[in-house]
Amino acid sequence: MSIQQNILKISEQLPEGVQLVAVSKFKPVEMLMEAYEAGFKVFGENYVQELVEKYEQMPKDIKWNFIGHLQSNKVKYIAPFVSLIHSVDSFKLLKEINKQAEKNERVIDCLLQVYIAQEDTKTGIDEAELFELLKSEAFLSLKNIRIVGLMGMSTFTENMDQVKTEFKSLKTIFDKIREENIGDLGADFKEISMGMSGDWPLAVAEGSTMIRVGSAIFGNR
Ligand SMILES: *Cc1c(COP(=O)(O)O)cnc(C)c1O
């Protein structure tokens, strides 16, 4: 099937309000343009340099999502144009995003990446750190970032029960933040980014509002 058909097939199965992010890391601009020409404009990239190169070559109405591990010293390269950063995993990083957003006279939407997996390799903030961050004075002083939700990555496993438990844990943390209005995020706080090629239907069933799908659209990397 073509890239266009893959996107269509997934989109058709998504409930209202669930956003598909096409993860295009390592894929050439020509492949992204195929999706773009079919009317699709939301792409996810993992590497700063690759994202900047694609941004420069592609139409300017694309919503670029950064989903990879982000180093503080590289925020400045994507701050002028990035639409959403999924992978904010420390206060230090958030502070730098705020600083660079201010320089660019904009507000950058961010998701806080929460550690939900059973493996050590996945990054993110744990639940206790997350609440502490959101309740801190220092957090409240950041005016050029907007926390619009949470992101999580499940363990890389065939065990779908485990993946389901991990997705549920992210949804539970999300609900708690909303119900107790932790961090006073209000209605801006509405996104749960979870689910990839192998597990997005499960993620959607567990309350995902953004799925990050790469290989099921563009083929294996
Ligand atoms: C690569 C990547 C994806 C997409 O993975 P697929 O299995 O190809 O769909 C999603 N999220 C993150 C954070 C990734 O690094």
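What counts as what
- Residues numbered from 1 in each chain as written.
- Predicted model: local features only at pLDDT ≥ 70, side-chain atom pairs only at ≥ 80, totals over all residues.
- Heavy atoms only, no water.
- UniProt positions renumbered as here; feature names shortened; annotations may be inferred.
- Near = heavy atom within 4 Å.
- Polar contact = N/O pair within 3.5 Å; in protein donor to acceptor, adjacent residues only side chain to side chain.
- Areas by Shrake-Rupley, 256 points an atom, 1.4 Å probe, with all protein chains shown as cover.
- Nonpolar A, V, L, I, M, F, W, Y, C, P; charged D, E, K, R; others polar.
- Helix = DSSP H or I, 4+ residues; strand = E, 2+ residues; numbered from the N terminus.
- Buried < 20%, exposed > 50% of the residue type's maximum accessible area, 1.4 Å probe, protein only.
- Contact = heavy atoms within 4.5 Å.
- Axes fitted to C-alpha atoms, helices over the stretch in contact; angles between N-to-C directions.
- Parallel < 35°, antiparallel > 145°, perpendicular 65-115°, else oblique.
- Left-handed = near helix turned anticlockwise from the far one by under 90°.

- Under an unreviewed UniProt entry, the protein has the name Pyridoxal phosphate homeostasis protein and belongs to Lacihabitans lacunae.
- Taken verbatim from the UniProt record of the protein, the Sequence similarities (unreviewed entry) comment is "Belongs to the pyridoxal phosphate-binding protein YggS/PROSC family."
- Regarding the protein, the UniProt comment filed under Function (unreviewed entry) reads as follows: "Pyridoxal 5'-phosphate (PLP)-binding protein, which is involved in PLP homeostasis."

### Description of the site of the ligand
And then number 1: If you check the shell around the ligand, you find Val23, Lys25, Asn46, Ile67, Met153, Met196, Ser197, Arg212, Val213, Gly214, Ser215 and Arg221 and nothing else.
And then number 2: Note that an oxygen atom of the ligand is positioned 2.7 Å from one of the side-chain N or O atoms of Lys25.
And then number 3: Backbone polar atom of Gly214 to an oxygen atom of the ligand: 2.8 Å apart, as the coordinates give it.
And then number 4: For the ligand, whose unbound accessible area comes to 390 Å², protein coverage reaches 90%.
And then number 5: Taken together, the residues of the shell around the ligand break down into 5 nonpolar, 4 polar and 3 charged.

### Here we look at the UniProt feature "modified residue: N6-(pyridoxal phosphate)lysine" (unreviewed entry) in the protein
And then number 1: Mapped onto this numbering, the UniProt entry gives "modified residue: N6-(pyridoxal phosphate)lysine" (unreviewed entry) at Lys25.
And then number 2: Following the sequence through the fold, Lys25 ends up in the loop between strand 1 (19-23) and helix 2 (29-37).
And then number 3: Among the residues examined, Lys25 registers a relative accessible area of 15% and is labelled buried.
And then number 4: When near neighbours in sequence (up to four residues on either side) are disregarded, Lys25 contacts Gly44, Glu45, Asn46, Glu50, Lys54 and Arg221.

### Notes on the packing of helix 6 (residues 127-135) against helix 8 (residues 160-179)
And then number 1: One can describe the packing of helix 6 onto helix 8 by two numbers: an axis separation of 12 Å at closest approach and a directional angle of 25°. If you check the angle between helix 6 and helix 8, you find them roughly parallel. The crossing of helix 6 and helix 8 is right-handed. Only Ile173, Lys176 and Ile177 of helix 8 make contact with helix 6, whose side of the interface consists of Glu127, Leu130, Phe131 and Leu134.
And then number 2: Here the residues of the contact of helix 6 with helix 8 sort into 5 nonpolar, no polar and 2 charged.

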